[in-house]
Every structure is written in C-alpha cells, then in structure tokens.
Amino acid sequence: MSKIYHDDDADLGVLEDQTVALVGYGNQGRSQALNLRDSGVNVIVGNIRDHAAAQATEDGFSATSIAEACGQADVVMMLIPDEIMPEVFKTDVAPNLAPGKLLVFASGYNIAFNLVTPPGYVDVALVAPRMIGVGVRETFVAGNGFPSFVGVHHDATGNAKARMLAIAKGIGSTRAGCIEMSMHDEASLDLFTEQAFGPAFGRVLMSSIELLVEAGYPPEAVLLELYLSGEFAYSFDKMREVGMMKQMDFHSRTSQYGTVTRGARFMGLGEPIKQKMSEVLEEIRSGSFADEWSKQQSSATALFDKIRAARDQMPIAKWDEATRTAFKIGNAG
Ligand code: NDP
C-alpha cells in the first residue's frame, strides 16, 4: 500500500515565518493562493504584468514580477503552464533561488523529463492536485478538500517533507488525502489518462454513436442515451461513492443480467486495447513523448487550428449542439 498523508501528518507551523510565492495566478495559482492565505500562510504572487496580475492585486495579494517574488520567497510554487515553464525557470526563477528554498511543482512533467533542472541546494517537491483549479477552491470552501499526489524529489535541507506536507495542508489537500509518488510516476499517470484511457474511451463512444445512427436511431436520442442526459455521468459518480461493482445494484435486474452476459463478449478486446495502451505508456515512460512535444511546440498552434476546424465539421458536433440547445443542457441552458 502506498503511503497516504492526512491532516494529522502535516504541521502548518513549519511555514510560520516563511513567505510562499505563487508563480502564476491562473487556474491553480488563484485557488491555491486563496486557500493558503485562508490557512494563515503568508502568500505573495509573481506573474507577468497582465490581467492575472491585476486579478491578484484585486484579490488583495502583493503581486510583483516573477523574478522579484522568487527573490523574496522561502517557498516557490510553480503554477504556470508546463510548456512555458523551462524558459521562465531559466530566466526568472533559477537566478533567484538561494540555498534552503523549496520549489514546489503541481505537475511532475518538467522534472521527470529533465526539462527543468533545479540547483542541488534547494528542496524540490511535488504537490499535484487531482482536481481542476475551480474545484481546488470550491472543495476547500466546502470543507472537504481534494486528493493530491505528493513527493519529495530532492531534500537539501532535511526539512523538505515537512514543508511539502504543510503546503499540501494549506491548500486543503491533506483533508482528503495525499498519496506519495515520484515526479515521473505522477507525470506518467497523467499523460496515460490523456493519451490512452481518454482516447480509447472516446473510440468506444464514437463506435457506439456511429453504429446506432447507422442502424436508424435519431442522432439526438443516441447522444442523450449515451452521455447528454447525464445518466452515465451519474453512474460514474456512484462508482466513486459506493465502488465500481456495487454501483450495479442501482440498475434494474434486466440491466444487470444484460451487462454481465453480453459483457463477456467484449472480453477479447481487452488484450488488443492493452497492447496499444502499452505502446503509448512506453513512449511516455521513455521520455520520447516529452522529446517529441518539446520539438513540436512551434508548429502546434497550426495543428490545433486544423484539428478544431475539422472537429467543428463532424456530424456529431452539429447533433451535439442541436440536442444541447433543444434540452437546454450545459452552456446551451
Ligand atoms: P494556467 O494556464 O491557468 O496559467 C497559469 C498562469 O501562467 C497564469 O497566471 C498565466 O498568466 C501565466 N502565464 C501564461 N503564460 C506565461 C508566460 N509566458 N510567462 C509567465 N507566466 C505566464 O495554468 P494552470 O493553473 O492550468 O497550470 C499550472 C500548473 O498546475 C501546471 O504545472 C499544471 O500541469 C498543473 N495542474 C493543473 C491542473 C488544472 O486543472 N489546470 C490540475 C493539476 C495540476 P495569464 O493568464 O495572465 O496569461
């Protein structure tokens, strides 16, 4: 069993005389800054001079340049997009790191794939929320927090773990629980979900839509049945609450009988799917995906524009829009 930390394992007192700089005030930065301040931590914000810095000032934080904030802080939390982090780290963060500071990453990506190399005289830790930024604030305010992956990557002071856990407690994560993990494992799991589980799941969904529409069912009804009604998302929620197997009890006996007997016919697909997934996992673990992405970034915008244009022309995009409008679902409501 992995090591799991809760509130009792962490002491906010170790941050008592320390200043924590949040580099970046976006999805994660704003929520984590507000949570830390509400936990009694002395927080400052470092950001490029744009609307995020204005928001930080409006929220009552002292907002300075990234370089200045890193210079003033004892703990530096890197909360800017992963793809720009190596450059910002080199120019603004690294020159302002003195011995004994703690660097915290919300994603293991740049450390795991050697795109950021901190000096040996600072502590380096991972506090990676398993929660989107808005949820980081909302669950904190609601009092229950959210899980994170945490780990000490480098302990220069002998105090890295205590400070890492204090940060995790300050943002509200030890309330739910933090599981110990390396930067490489955290980054690999995250990328696997994005590159294997998500696309494989998406393929099953698309095959179902194609088959049912080709069989003559109205597209709007197919989309409602498969995901737009929210019934499927509700079942996922129940999986969280009572467990994957037990949630079956919420379905009719006809549903349970059909799922079990027909489900067996799809067993054979498990191995080919795992084969493809293991190729993707290997590219992630070996660093070849990270290498490829570093080299492709200048041409990525053109690629994303092409994908967006093609995506908007797909029949499912139009059915989806029409059905959401007719049923006032989500932002169409
Ligand atoms: P955002 O995309 O929300 O951006 C964060 C900040 O970076 C903003 O303040 C933005 O300013 C600033 N920024 C953008 N470009 C630059 C630049 N060139 N130089 C300096 N600052 C810049 O990031 P996230 O909060 O989504 O992600 C931050 C970290 O958290 C990442 O490591 C990510 O992997 C991790 N993470 C994110 C999760 C999420 O749900 N988003 C979940 C768990 C971890 P402005 O907006 O004003 O341009």
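See the structure above.
What you see is a predicted model; the values in this text were computed from it and never measured.

### What about the site of the ligand?
Here is step 1: Close contacts around the ligand come from 24 residues, with Y25, N27, Q28, D50 and D82 the closest.
Here is step 2: A distance of 2.9 Å separates an oxygen atom of the ligand from a polar atom in the side chain of N47.
Here is step 3: Protein contacts shield 73% of the accessible area of the ligand, which totals 900 Å² for the unbound molecule.
Here is step 4: Contributions of two or more residues to the shell around the ligand are made by α1 (27-38), α2 (51-58) and α4 (85-93).
Here is step 5: Across the shell around the ligand, the residue classes tally to 14 nonpolar, eight polar and two charged.

### As for the packing of α1 against helix α6 (residues 133-142)
Here is step 1: Their axes nearest at 7 Å, the elements α1 and α6 cross at an angle of 20°. On the basis of the axis angle, α1 is roughly parallel to α6. At the point where α1 passes α6, the crossing takes the left-handed sense. Contacts between α1 and α6 pair N27, Q28, S31, Q32, L34, N35 and D38 from the former with G133, V134, V136, R137 and F140 from the latter.
Here is step 2: Residue composition of the contact of α1 with α6, by class: four nonpolar, six polar and two charged.

### Observations regarding the side chain of T139
Here is step 1: Examined against the element boundaries, T139 turns out to sit in helix α6.
Here is step 2: A polar side-chain atom of T139 sits 2.7 Å from the main-chain carbonyl oxygen of G135.
Here is step 3: Every residue in contact with T139, bar those within four places of it in the chain, is listed here: M131, N144, G145, F146 and R175.

### Brief notes about the sheet that holds strand β8 (residues 148-154)
Here is step 1: Pairing in this open sheet of nine strands is mixed, and the strands run β1-β9-β8-β7-β6-β5-β2-β3-β4 from one edge to the other. In this open sheet, the two strands that pair with only one neighbour each are β1 (4-5) and β4 (63-64).
Here is step 2: Pairing of strand β7 (residues 123-129) with β8 involves six bridges; the strand directions are antiparallel. Among the inter-strand pairings, A128 is bridged to a residue of β8, identified as F149.

### Describing the nonpolar core
Here is step 1: With 36 residues, the main nonpolar core has V76, M78, V93, L103, F105 and F113 as its most contacted residues.
Here is step 2: Shared between two domains, this core takes at least three residues from each, and those domains are domain 1 (4-181) and domain 2 (186-332).
Here is step 3: The contacts of F113, once residues within four sequence positions are left out, are H184, A187, L191, I284, R285, G287 and A290.
Here is step 4: By size, the runner-up hydrophobic cluster in this structure holds 34 residues, among which are Y25, L34, F61 and M77.

### What to know about helix α9 (residues 219-228)
Think of an α-helix as 3.6 residues a turn; residues three or four steps apart then line up on the same face.
Here is step 1: Of all the residues in α9, the buried ones are P219, V222, L223, L224 and L228.
Here is step 2: The inward-facing, buried residues of α9 abut α8 (183-214) and α14 (315-326).
Here is step 3: Two residues or fewer after α9 comes G230, characterised by a positive phi angle close to 90°.

The rules behind these values
- Residues numbered from 1 in each chain as written.
- Predicted model: local features only at pLDDT ≥ 70, side-chain atom pairs only at ≥ 80, totals over all residues.
- Heavy atoms only, no water.
- Near = heavy atom within 4 Å.
- Polar contact = N/O pair within 3.5 Å; in protein donor to acceptor, adjacent residues only side chain to side chain.
- Areas by Shrake-Rupley, 256 points an atom, 1.4 Å probe, with all protein chains shown as cover.
- Helix = DSSP H or I, 4+ residues; strand = E, 2+ residues; numbered from the N terminus.
- Nonpolar A, V, L, I, M, F, W, Y, C, P; charged D, E, K, R; others polar.
- Axes fitted to C-alpha atoms, helices over the stretch in contact; angles between N-to-C directions.
- Parallel < 35°, antiparallel > 145°, perpendicular 65-115°, else oblique.
- Left-handed = near helix turned anticlockwise from the far one by under 90°.
- Contact = heavy atoms within 4.5 Å.
- Pairing = 2+ DSSP bridges.
- Core = buried A, V, L, I, M, F, W, Y, C linked by side-chain atoms within 4.5 Å.
- Buried < 20%, exposed > 50% of the residue type's maximum accessible area, 1.4 Å probe, protein only.
- Domains from an automatic or database assignment.

Keep in mind these values describe shape, not function.
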